[in-house]
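The lines below spell out each chain.
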Amino acid sequence: MKRTLGTCYYPEHWPRDVWEEDARRMVEAGLTWVRIGEFAWSRIEPEPERFDWGWLDDAISVLGEAGLKVVLGTPTATPPRWMIDRHPDMLAVDRDGRPRKFGSRRHYCFSHEGYRAECARIVKLLAERYGANPAIAAWQTDNEYGCHDTTISYSDAARRGFRGWLEARYGTVAALNEAWGNVFWSMDYQRFDQIDLPNLTVTEANPAHSMDFRRFASDQVVSFNRLQTEIIRRHSDAPVAHNYMGRVTDFDHFKVGDDLEIASWDSYPLGFLEDRGGADSAHQRAYMRQGDPDFQAFHHDLYRAVGRGRWWVMEQQPGPVNWAPYNPNPLPGMVRLWTWEAFAHGAEAVCYFRWRQAPFAQEQMHAGLLRPDSADAPAIEEARAVAKELSEAEDIAPAGAPVALIFDYEAEWAWEIQPHGAGLSYFDLVLAHYRALRRAGLSVDIVPPAAEIPASARMVLAPGLMHMDAALKERLARSGARVLIGPRSGARTLNMATPVPLPPDLPEMDVLVSRVESLRPDMPMPLAGGGCVTGYREEIETAAVSLLELEDGTPVAVRQGRTIYMGGWGDAKALDRLVSLMAAEAGVPVTPMPEGVRLRETATERFWFNYGANSAECPAGELPPAGVLREIKAT
Amino acid sequence: MKRTLGTCYYPEHWPRDVWEEDARRMVEAGLTWVRIGEFAWSRIEPEPERFDWGWLDDAISVLGEAGLKVVLGTPTATPPRWMIDRHPDMLAVDRDGRPRKFGSRRHYCFSHEGYRAECARIVKLLAERYGANPAIAAWQTDNEYGCHDTTISYSDAARRGFRGWLEARYGTVAALNEAWGNVFWSMDYQRFDQIDLPNLTVTEANPAHSMDFRRFASDQVVSFNRLQTEIIRRHSDAPVAHNYMGRVTDFDHFKVGDDLEIASWDSYPLGFLEDRGGADSAHQRAYMRQGDPDFQAFHHDLYRAVGRGRWWVMEQQPGPVNWAPYNPNPLPGMVRLWTWEAFAHGAEAVCYFRWRQAPFAQEQMHAGLLRPDSADAPAIEEARAVAKELSEAEDIAPAGAPVALIFDYEAEWAWEIQPHGAGLSYFDLVLAHYRALRRAGLSVDIVPPAAEIPASARMVLAPGLMHMDAALKERLARSGARVLIGPRSGARTLNMATPVPLPPDLPEMDVLVSRVESLRPDMPMPLAGGGCVTGYREEIETAAVSLLELEDGTPVAVRQGRTIYMGGWGDAKALDRLVSLMAAEAGVPVTPMPEGVRLRETATERFWFNYGANSAECPAGELPPAGVLREIKAT
Amino acid sequence: MKRTLGTCYYPEHWPRDVWEEDARRMVEAGLTWVRIGEFAWSRIEPEPERFDWGWLDDAISVLGEAGLKVVLGTPTATPPRWMIDRHPDMLAVDRDGRPRKFGSRRHYCFSHEGYRAECARIVKLLAERYGANPAIAAWQTDNEYGCHDTTISYSDAARRGFRGWLEARYGTVAALNEAWGNVFWSMDYQRFDQIDLPNLTVTEANPAHSMDFRRFASDQVVSFNRLQTEIIRRHSDAPVAHNYMGRVTDFDHFKVGDDLEIASWDSYPLGFLEDRGGADSAHQRAYMRQGDPDFQAFHHDLYRAVGRGRWWVMEQQPGPVNWAPYNPNPLPGMVRLWTWEAFAHGAEAVCYFRWRQAPFAQEQMHAGLLRPDSADAPAIEEARAVAKELSEAEDIAPAGAPVALIFDYEAEWAWEIQPHGAGLSYFDLVLAHYRALRRAGLSVDIVPPAAEIPASARMVLAPGLMHMDAALKERLARSGARVLIGPRSGARTLNMATPVPLPPDLPEMDVLVSRVESLRPDMPMPLAGGGCVTGYREEIETAAVSLLELEDGTPVAVRQGRTIYMGGWGDAKALDRLVSLMAAEAGVPVTPMPEGVRLRETATERFWFNYGANSAECPAGELPPAGVLREIKAT
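Values in this document were obtained by computation on a predicted structure and should not be read as measured data.

### Observations regarding the overall build of chain A
Thinking step 1. From N to C terminus, chain A includes 18 helices and 24 strands.
Thinking step 2. In terms of overall dimensions, chain A is globule-like: its C-alpha atoms have a radius of gyration of 25 Å, near the 26 Å expected for 635 residues.
Thinking step 3. Seen along its three principal axes, the alpha-carbon backbone of chain A occupies a region of about 75 × 70 × 40 Å.
Thinking step 4. By residue count, 67% of the 635 residues in chain A fall in the buried class.
Thinking step 5. A fraction of 71% describes how many contacts in chain A between residues 6 or more apart in sequence connect residues 24 or more apart.
Thinking step 6. The average position of the 67 basic charges and that of the 88 acidic charges among the side chains of chain A differ by 1 Å.

This is the structure in structure tokens:
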């Protein structure tokens, strides 16, 4: 298979007379794909039911004739202003009860039936018109679901939808009262239509109430997306993708992904470093112009799972962006490194956002491959270099990784609803484990909680899964791999209650969490032999073998058979020790990485990447800053 | 009198078939009291006017027959969902104007007349049914008034109530305009119905307006509570209590207490350390598993005053809680220490919250005496130890303390309304004085501002009383005790105006505060001889003797006769110096405490407590961490 | 011309029988001016259309007969409560959509037509009654426009006004769509009445939308003020002033100033140091009792420009204030220093706020010249000293400064709308340049962006002007002065778009900003030879001569002819180097200042001021703390 490059283009932003030249320069730069259309509703349908298809027909034709493949986006992330006149209550409502106004993008509530009908209408028209167009080689639904905190809405439409969702789930209100434990604090309901959304309560709402609302909100994204894919498929054979974001966890991407052929995501390494990485400021300083060495790779592996193997980077940062607290230039070479890293993790295509920097509106400080004056911006040269390298080298051969890491969106919601200690986050916990694996030079497959454990996995890590159903426990127990479970695994039933018998209640292991505590971040508990438990710790009753202990001998991590239970949040050193122990027992060789260097293995190669700002020595040779080294494995 | 233990129990949370066993285990653990019912409205009256008394009759019978004494709570802190259908406007409204929704607890506005009538109705039914039941040995009204910031509401009901309250207070709007100084900024009113609540003003509201609103809000709690006590008393001779919280100061507890036989409070030492202690992080680290060494004792002494001698701990933390930013395990022994400390300060009973940890809903991370799986949790063993010790030892003999400390809820509101410097808080000021007294080993009686000075007091501390009426000044002047007044004492009239002549205007002392300033916390002003003034300082004109001076000789604390005026906020060292000076002159012996050790004297004993995490030497011997030492006084 | 002193007085606050004595003491203290009336609406018109003029007639008479000149304020900043009954929708609405309630001051929306009519009515009555009164020597409109964040309102009245303003500006909605670039994100409008205010959008609004809203909001202040001045002028020949605040930049003061004879401002050095100076805490500690050494001077120079030469300090801080986070006493001597500094910068009058400290309502902690008990407060002695010095010395002779610094309110809004890096502020950038000039001992004239460059200027600094029209570029190019431009100059068109050709697009200089980046504040980029670029940096393409370079030789500041372009935000050291280079080439002698010392030159004198808390040596001799030294220049 041929890995390819692309870009994002907005013909409606530019004079008609530059389109051919733009297309020609794209092809000349080695690009294959061009994504268009996803924000163009007001130019396709300037007034309700009055359409202007001409320019879009024309643009697709120009791009197609230049030899480019078009990804056509549905424009549903930007309903035009007249839509608000038709559906004044379609706006999402924030946690404080305020409608989120027109004037930017994503100004809709996923639960609004009237807006869903409008989306079906426009998607049908697009699919009918372009479904058979040979230039249309893929589709994108909407744009960045959940971005700008838009998954969750407290609107009337959401309230109605939630009540229906609850009735479908529980059947009777008595069953809901029982499932939620509403006897506590006299929270019993008599009718479903008494149930409100869990915002603005006097103190925290019932966690079962909050959890069901989060599930409902996620399901609304799934069904909103499915509405579009079903229509497109009636008219087109081209694959359908959605462009997810980094660290957006408010909806279950695996479930949305089930309705798509391709997962894609929008990779902004420098923006995410400042805005979402959860890193401290020393780390942010060290990687200011390179991005976090693990954040992109984590999402590559995550979205490979979401796409069941097929995934793209739909938007790749090519220079400073406009939206992070600070927006520095990338270190020269990083655009190439980021691109190759995506390919090493299996991406089919990497598209740069955007072709030409817009000189107007919200994103005018967002770099493109061209400057606003159409001169080359620095990134285009790195894109050309990748295109050339792609054309000259062997294709990448994917391979299953020796390590599987389970990621569960519901666990993220559960930790958000009941963090127990300020600042504790499931995403950070999983990323901390991922970092430890990467510091050991290990390649990782991310696995949904409902999926089979991959055959290649000799180690499975499943930290922080607050709910584990019996089937998952069973799959872990019977996989031949070494398994790491905990902290907090199985700590809640499906309804956010504490199970009795107490967690983790593993079939293969004699361990019981008798009490849990959260700790100030400045009061870590040292382990004998190095490392700490920090933020969260469990008291465990067990007859299993101690692997890590507090300095007074209290067990923290214990092993029985092939399963390790970790009763606390380990710091980097503690996790390094755990990974090292597991890998040794699993017979998985580790390669300790120099600071900033990362390794990704395919079936035939080792890719080395240097995220550091200085040169680094690695077993395959010297890596300059932003260096990429492609090493053929001995066979 | 026999000091006793108890617990809080929710029979409605558990299967009927464990009630007898639970009761048996309570008795076996040495418990006397069991509090029930305070959140059970939805199970007593599942639908309006349809009652289910059976289970409650049954529960009281089971508990009573096991030999336990029942405290029956009125369920008015948790109106069921159908109540909101009947009174949609009964919800409190927050400062931003948003109704605080159903879905947790305390979702009512104290001013809503319709809800008050519902409360009277349910309390009457409870009192009629159980008033003569021999198992019912005490009552509790509602639950934790003011918790979750619920004293103050900006609802329509509160607005109506406030206007009526003002009319009753001032008679005419002209009198109100004059009292408030509404000529300033043209704030004059023509009619009472023009007066709004003081939220959302463009800049700060008139402090007189804010102060009257705070008084009104407090009075609404008082009358809400009195409505219940009057009904209960018609049907029951058992004493009535309310369970107050730690550092809730939005209503005048002395006034609520006037309508109750018993004051009680809910003591969560670890939660308060993180959440309300006002301590710095070094202090929080040092006492992470023990709690602040003075916070509990302060509230014990405060609520002894509120209860006019009769007081309980209604809820005692037995392990990690769920609601603080961080929720660590207590150091082994602390549950015993906290319990004995309460008794040493005169508590009649200490009840652990809760019997069994709930496996569902909001508080499932809150430890109990039993784990969710009914196994013993660590605290129950410490409770058993206390029960045994109680049964073996002499009863505690209360005694008046040599030091009186005045605490005034209105002063707290005055400082909140006009702190003058960011972060300055009356509660913190009083607690700082209390800490200094405790570091000197002194036992303290807290005294309401309207009460007589206790005869036992040879020292009286009255810091920060922004308003002092003539009677209080007179009481202080004619008490034979040494008296400490200031800073900011008498700085406001009843209507939050600056008095002329200028404060403090003391009959017995020639001192005048000519100018005040607030200081950055990082710019303390050193005193000659040690210590600092920090945050707040006064320029004083006086002919009195200087006790503490700035390094340039400017007087800070001065004495005339038996009265000291302190013209600034002293740091710990400055307050230690003041306490030491006063005690020496008053002939009160002091006992400097080792770090973390505290002393409480009764008529016959000295109780030593070690809040430190390490052993400490005290005059009575060595105290291990969490150690309690009971020393009989020489007679 | 005679420089004079004055004070602010509220006869309506005090008993009638002290007015004569107050007036006598004012005169005795050497005061000339007394400002009255600006908050007195409720006492002039206690009920709609019922007037009580007697007391005001009387007060003006008493003050006039004592020999004082009266500044009469229009009372429109404090509409009485009955006004809200007449116009319930006149309240401004905050960003969150909440009406800002009655109960303090400035509770009106500038766009409300009904309230404007009421203002016209009361101003007309005042002007008719007192326009010819010989005691009335000046007028003040309203009070502190914009204070308490009151320029911007999101009310219905503002929405209506904004739509009309847009229609007047653009004519057609198609022109607006084109100008704003609404094709981006389908933000096109079909009708003006679809356009909302840019608050509460899902993510940031179109910057062009925000910019036009900020212009509209500013224009509303201008027309609101003009409504009053036009009426006053029909009845009075006395000059009209407004009292602006420090660092209020939400409206264009130059445009308001065009309708007034005199600019004045309210100078609170200690309050501003804590609240608005943008200084770090070390700086705040060093100047805690003196105020920032440049903040007042900057505003003096700014308001001299706003007043086209005629300006006052209408309110001068005389002691601790009530509204800053911390409110310390001034160092003795500072009230005198602040007063003389204003005169050295050309003030005609300095009035102390207020005469007697009010013992009631919101500002009772705000010091006056008298204490609440009518005794002298410390400041009055310093005022007397200035009065005596004024009477004994020659008048100050104004002179054009050798340096001009351009300040543009629209640039401030542009940076606020698109700061690009967190915390970057145009005001701070300009102030940083001003500080560097002052550290070099240079006197400065501030110049509006639409004005001619003063003939005296041999150096012109124009940092951060995000929009520069062709005329301004032309004026700078043809001035004979050395000119400093950048960073970010000319980076936006009038409609907040990026211009093509790329900025700065200067006629006289070959320089192009090809890319910009923002930097973490803890990641400054060092310059060869000292200093740093911090926060914001540009890549420039140029053939001009390098003046400042990064350590790798990348140009940062370049010169061509007489123009310097600075491609980044220089720290203090970098700006000192730039100022030094420019001054040397311009032949302007510099005088490096000791820490805390500042110099202001007039035609005949050098005024030296010591803001430091310690004595300092300067060329003219030793300056004690708070010292003022008046040195006659050699001729």
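Moving on from the coordinates now.
### Section: the pattern of salt bridges
Residue and element names in this part refer to chain A.
Thinking step 1. Overall, the coordinates contain 204 salt bridges over all chains when judged by the stated rule.
Thinking step 2. Between Arg435 and Asp292 there is a salt bridge, with its nearest N and O atoms 2.8 Å apart. Pair noted here: Arg435 is in helix α16 (residues 426-439) and Asp292 is in the loop between α11 (281-286) and α12 (295-306), with a separation of 143 residues, a long-range link.
Thinking step 3. Asp292 gets classed as buried once you look at its relative accessible area, which sits at 3%.

### What about the sheet that holds strand β3 (residues 69-73) of chain C?
Residue and element names in this part refer to chain C.
Thinking step 1. Taken in spatial order, the eight strands of this closed barrel run β1-β2-β3-β4-β5-β6-β7-β8, and their pairing is parallel. On average, each strand axis in the sheet is tilted by 30 degrees relative to the strand beside it, whichever way the strands run.
Thinking step 2. Bridging between strand β4 (residues 136-140) and strand β5 (residues 240-244) involves two bridges; their strand directions are parallel. Its bridge partner lying in β5, Gln140 is registered against Ala241.

### Observations regarding the packing of aromatic side chains
Thinking step 1. In this structure the tally under the stated criterion is 141 aromatic pairs over all chains.
Thinking step 2. Their ring planes at 80 degrees and their centres at 6.0 Å tell us that Phe298(C) and Phe407(C) sit as a pair that is edge-to-face. On the criterion of sequence distance, the pair formed by Phe298(C) in helix α12 (residues 295-306) and Phe407(C) in the loop between β9 (403-406) and α15 (409-417) is long-range, its members being 109 residues apart.
Thinking step 3. Judged by relative accessible area, Phe298(C) falls into the buried class, the value being 0%.
Thinking step 4. Judged by relative accessible area, Phe407(C) falls into the buried class, the value being 0%.
Thinking step 5. The ring of Phe102(B) is capped by Arg81(B), whose NZ or CZ atom sits 6.0 Å from the centre of that ring.
Thinking step 6. Against the face of Trp14(C) rests Arg356(C), its NZ or CZ located 4.3 Å from the ring centre.

### Side note on the domain arrangement of chain A
Residue and element names in this part refer to chain A.
Thinking step 1. When its domains are assigned, chain A resolves into domain 1 (4-148 + 221-392), domain 2 (403-586) and domain 3 (597-632).
Thinking step 2. For domain 1 versus domain 2, the distance between C-alpha centres works out to 35 Å.
Thinking step 3. With both sides pooled, the region where domain 1 packs onto domain 2 buries about 1900 Å², and carbon together with sulfur makes up 56% of that total.
Thinking step 4. The interface formed by domain 1 and domain 2 includes six salt bridges.
Thinking step 5. Joining domain 1 to domain 2, the criterion identifies 14 residue pairs in polar contact (both at pLDDT 80 or more).
Thinking step 6. Looking at the side of domain 1 that touches domain 2, the elements that each hand over two or more residues are α9 (253-257) and α12.

### Observations regarding the interface of chain B and chain C
Thinking step 1. Listed as interface residues are 51 residues of chain B and, on the opposing side, 57 residues of chain C.
Thinking step 2. Among the residues chain B hides against chain C, the three largest losses belong to Trp185(B), Val202(B) and Arg520(B). Together they make up 18% of the total.
Thinking step 3. Where chain B packs against chain C, one counts eight salt bridges.
Thinking step 4. A salt bridge links Glu517(B) to Arg289(C); the shortest N-O distance between them is 2.5 Å.
Thinking step 5. In this assembly, chain B and chain C are joined by 33 residue pairs in polar contact (both at pLDDT 80 or more).
Thinking step 6. Looking at the side of chain B that touches chain C element by element, the count peaks at six residues for strand β13 (residues 511-518) of chain B.
Thinking step 7. Residues of the side of chain B that touches chain C, tallied by class, amount to 22 nonpolar, 14 polar and 15 charged.

### Some remarks on the state of the cysteines
Residue and element names in this part refer to chain A.
Thinking step 1. Scanning all chains against the criterion turns up zero disulfides over all chains.
Thinking step 2. In this model Cys8 remains outside any disulfide bridge; the closest cysteine sulfur is found in Cys351, 5.8 Å from its own.
Thinking step 3. Judged by relative accessible area, which is 1%, Cys8 ranks as buried.

### Some remarks on the relation of the copies chain A and chain B
Thinking step 1. Aligned on chain B, chain A shows an RMSD of 0.0 Å; the corresponding rotation is 120 degrees and the shift along the axis is 0.0 Å. Given the turn and translation reported, the copies of this chain are related as if by a three-fold rotation axis. Considering only C-alpha atoms, the residue of chain A closest to the rotation axis is Asp96(A), which sits at 5.5 Å.

### Focus: the packing of helix α5 (residues 113-130) of chain C against helix α8 (residues 207-235) of chain C
Residues and elements named next belong to chain C.
Thinking step 1. Interaxial distance between α5 and α8 falls to 8 Å at its minimum, and their mutual angle equals 25 degrees. Overall, the two elements α5 and α8 adopt an arrangement that is roughly parallel. Regarding α5 and α8, the two cross each other, and that crossing is right-handed. For the pair formed by α5 and α8, the contact residues are Tyr115, Arg116, Cys119, Ala120, Val123, Lys124, Ala127 and Glu128 on the first element and Gln220, Ser223, Phe224, Leu227, Gln228, Ile231, Ile232 and His235 on the second.
Thinking step 2. Of the residues contributing to the contact of α5 with α8, the split by class is nine nonpolar, four polar and three charged.

### Observations regarding the side chain of Arg598(B)
Residues and elements named next belong to chain B.
Thinking step 1. Relative to the assigned elements, Arg598 resides in strand β20 (residues 597-601).
Thinking step 2. Of the residues examined, Arg598 reaches a relative accessible area of 7% and is grouped as buried.
Thinking step 3. A polar atom in the side chain of Arg598 sits 2.7 Å from the side chain of Asp294.

### Quick look at the sheet that holds strand β9 (residues 403-406) of chain B
All names here are of chain B.
Thinking step 1. Spatially, β10-β9-β11-β12-β18-β17-β16 is the arrangement adopted by the seven strands of the open sheet, whose pairing is mixed. If you trace the sheet from one side to the other, it starts and ends with β10 (444-447) and β16 (545-549), each paired once. When the angles between neighbouring strand axes are averaged without regard to direction, this sheet yields 20 degrees.
Thinking step 2. Direction of pairing for β16 relative to strand β17 (residues 555-560): antiparallel, over a ladder of four bridges. Across the sheet, residue Leu548 finds its bridge partner in β17, namely Ala557.
Thinking step 3. Sitting on the sheet, helix α12 (residues 295-306) touches β9 and β10, and the angle it makes with β10 is about 50 degrees.

### A word on the interface of chain A and chain B
Thinking step 1. Listed per partner, the contact involves 51 residues of chain A and 57 residues of chain B.
Thinking step 2. When the two sides are added together, the surface that chain A and chain B hide from each other amounts to roughly 4700 Å², 55% of it contributed by carbon and sulfur.
Thinking step 3. On the chain A side of the contact with chain B, Trp185(A), Val202(A) and Arg520(A) bury the most area, a combined 18% of that side's loss.
Thinking step 4. Taken together, chain A and chain B are joined by eight salt bridges.
Thinking step 5. One salt bridge connects Asp96(A) with Arg98(B), and the closest N-O pair in it is separated by 2.4 Å.
Thinking step 6. At the surface where chain A touches chain B, the tally comes to 33 residue pairs in polar contact (both at pLDDT 80 or more).
Thinking step 7. Of all elements in the fold, only β13 (511-518) and β15 (532-542) of chain A reach the threshold of two or more residues within the side of chain A that touches chain B.
Thinking step 8. Among the elements that line the side of chain A that touches chain B, the one with the most residues is β13(A), at six residues.

### Side note on helix α8 (residues 207-235) of chain A
All names here are of chain A.
Thinking step 1. Here α8 is 29 residues long and its end C-alpha atoms lie 43 Å apart, about the 42 Å a rise of 1.5 Å per residue gives.
Thinking step 2. Of all 29 residues in α8, 21 are buried, a share of seventy percent or more.
Thinking step 3. Backbone nitrogen of Ala208 and a side-chain oxygen of the N-cap are separated by 3.0 Å at the start of α8; the cap is Asn206.

### What about the confidence of the model for chain A?
Thinking step 1. Mean pLDDT for chain A: 97, with 100% of residues reaching 70 or above.
Thinking step 2. Prediction confidence for the complex, expressed as pTM and ipTM, is 0.98 and 0.97 respectively.

### As for α12(C)
All names here are of chain C.
Thinking step 1. Helix length check: α12, at 12 residues, gives a terminal C-alpha distance of 16 Å against a target of 16 Å (1.5 Å per residue), a fit within 8%.
Thinking step 2. With 12 of 12 residues buried, α12 is to be regarded as a mostly interior element.
Thinking step 3. Looking at α12, one finds that the buried residues are Phe295, Gln296, Ala297, Phe298, His299, His300, Asp301, Leu302, Tyr303, Arg304, Ala305 and Val306.
Thinking step 4. Immediately downstream of α12, the backbone of Arg308 shows phi near 50 degrees, a positive value.

### Looking at unusual backbone geometry
Thinking step 1. Cis peptide bonds are those with omega within 30 degrees of zero, and the linkage from Gly486(A) to Pro487(A) qualifies with 0 degrees.
Thinking step 2. Mapped onto the elements, Pro487(A) comes out in the loop between β12 (482-485) and β13.
Thinking step 3. In this model, Leu200(B) sits at a positive phi of 65 degrees, which is unusual for a non-glycine residue.
Thinking step 4. Inspection of the secondary structure puts Leu200(B) in the loop between α7 (173-180) and α8 (207-235).

Thresholds applied
Residues numbered from 1 in each chain as written. Chains lettered and ligands numbered in written order. Predicted model: local features only at pLDDT ≥ 70, side-chain atom pairs only at ≥ 80, totals over all residues. Heavy atoms only, no water. Helix = DSSP H or I, 4+ residues; strand = E, 2+ residues; numbered from the N terminus. Rg over C-alpha atoms; globule rule 2.2 N^0.38 Å. Buried < 20%, exposed > 50% of the residue type's maximum accessible area, 1.4 Å probe, protein only. Contact = heavy atoms within 4.5 Å. Lys, Arg positive; Asp, Glu negative; His and termini not counted. Charge placed at Lys NZ, Arg CZ, Asp CG, Glu CD. Salt bridge = Lys/Arg side-chain N within 4 Å of Asp/Glu carboxyl O. Pairing = 2+ DSSP bridges. Axes fitted to C-alpha atoms, helices over the stretch in contact; angles between N-to-C directions. Phe/Tyr/Trp six-rings, centres within 6.5 Å; stacked < 30°, edge-to-face > 60°. Lys NZ or Arg CZ within 6 Å of the ring centre and 35° of its normal. Domains from an automatic or database assignment. Buried area = accessible area lost by both parts, 1.4 Å probe. Polar contact = N/O pair within 3.5 Å; in protein donor to acceptor, adjacent residues only side chain to side chain. Nonpolar A, V, L, I, M, F, W, Y, C, P; charged D, E, K, R; others polar. Disulfide = S-S within 2.5 Å. Least-squares fit on C-alpha atoms with pLDDT ≥ 70 in both. Parallel < 35°, antiparallel > 145°, perpendicular 65-115°, else oblique. Left-handed = near helix turned anticlockwise from the far one by under 90°. Expected span 1.5 Å × (residues − 1). pLDDT = per-residue confidence, 0-100.

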